[in-house]
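# Breakdown of the fold
Chain by chain, the residues run as shown.
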Amino acid sequence: MADDAEIPPYQDFLWPAVMALRVLGGSASIDELVEQVILQEGYSEEQQAVLHGGGPRTEIEYRLAWARTYLKGMGLADNSQRGVWSLTEAGLNVEPEQIQPMRQKYIAAIRSKNGGRPRRKDTTPDSEGFEESWEDQLLARIMRLSPASFERLAQRLLREAGFINTQVTGRSGDGGIDGLGVYRLSLVSFPVFFQCKRYVGSVGSGDVRDFRGAMAGRGDKGLLITTGTFTAEAKNEATRDGAPPVDLIDGSRLCGLLKEYELGVKVTTHIVEDIRVDEEFFDTAF
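Residues numbered from 1 in each chain as written. Predicted model: local features only at pLDDT ≥ 70, side-chain atom pairs only at ≥ 80, totals over all residues. Heavy atoms only, no water.

## Side note on the nonpolar core
Formed by 33 residues in total, the largest nonpolar core has its most connected members in Phe13, Leu64, Tyr70 and Ile99. Secondary structure elements with two or more residues in this core: helix H1 (14–23), helix H2 (30–41), helix H4 (59–73), strand S3 (84–87) and helix H6 (96–113). For this core, the leading source of residues is H4, giving seven residues. The residues contacting Leu64, other than those within four sequence positions of it, are Phe13, Ala17, Val34 and Val37. Counting 27 residues, the second largest nonpolar core, distinct from the first, contains Leu138, Cys196, Ile249 and Cys255. (Core = buried A, V, L, I, M, F, W, Y, C linked by side-chain atoms within 4.5 Å. Buried < 20%, exposed > 50% of the residue type's maximum accessible area, 1.4 Å probe, protein only. Helix = DSSP H or I, 4+ residues; strand = E, 2+ residues; numbered from the N terminus. Contact = heavy atoms within 4.5 Å.)

## As for H6
The end-to-end C-alpha separation of H6 is 27 Å, in line with the 26 Å expected for 18 residues at 1.5 Å each. Along H6, the residues that are buried comprise Ile99, Arg103, Tyr106, Ile107 and Ile110. All buried residues of H6 lie within an arc of 100 degrees about the axis, which places them on one face of the element. When the buried face of H6 is taken as reference, the exposed residues oriented beyond 90 degrees from it are Glu97, Lys105 and Ser112. (Expected span 1.5 Å × (residues − 1). Arc of directions from axis to C-beta.)

## Concerning the confidence of the model for the chain
Of the residues in the chain, 88% reach a pLDDT of 70 or more, and the chain-wide mean stands at 86. When the elements of the chain are averaged for pLDDT, helix H7 (residues 129–143) gives the smallest value, 74, and H1 the largest, 97. Per-residue pLDDT stays below 50 along residues 126–132; that stretch engages in 15 contacts with residues further than four places along the chain or on separate chains. (pLDDT = per-residue confidence, 0-100.)

Right, here's the structure in full:
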């Protein structure tokens with residue numbers, strides 16, 4: 001069990017990332033990989049809440065991004081265009097004592113390529129800079145919305161996703177419930193309560209329990225939306241046996257949904273996608 005609030009350097013994530021990918025069948029999305037590393041290394045909710053700089057990424061996510069970049073450079077892992085990471089044949093067979101010598105060899109190769117100069121410390125992890133750039137920019141723009149505007153943005157998103165009779169309540173003393181919508185699935189429909197948390201950092205298990213408590217006696221479907229992340233404990237609490245499930249939308253998934261429904265995001269497809277934040281949408285719609 002790692003000590004609270006102490007995050008190991010990126011090189012200490014190399015072998016745990018390899019082990020996590022093996023446990024997950026040799027491949028994983030970034031979210032799956034992060035969650036598995038947190039689980040197997042026993043990082044506390046306090047550690048998961050530590051932000052890199054001012055956010056929106058956590059320090060664990062940031063250092064794992066570096067670990068993935070190094071694993072790729074070391075020939076142990078690779079990633080697809082859809083952000084799925086997988087172990088190479090070398091990664092499937094590497095032993096823990098081989099990791100650090102391989103890292104030193106990779107660093108030496110980088111320095112040789114750069115004329116003996118080390119990699120700049122503020123360099124963005126090579127393989128993920130573009131995707132993180134537009135998501136970080138979008139989350140920063142959302143953070144400038146007022147809480148009420150963020151609730152209306154969530155309302156609009158749910159409507160675009162097929163919810164009907166969606167309304168924002170946001171009343172004080174409402175137990176943290178910000179709104180209600182009805183989701184129609186074929187011949188049946190059911191009410192879904194939602195709560196919006198517009199801040200950087202990690203939402204913990206206590207927030208999930210509080211939200212579920214606010215729904216008690218009123219409904220059993222809940223949706224918790226945040227611009228930040230959810231701790232592993234929060235994810236486990238959301239799907240705990242015997243309790244009404246709570247669906248979670250973190251900042252990364254929120255960005256993906258806003259992109260999918262083109263809310264505040266404009267996508268121009270050439271050879272690659274040109275993604276930019278639509279400032280006018282936020283200035284005029286909310």
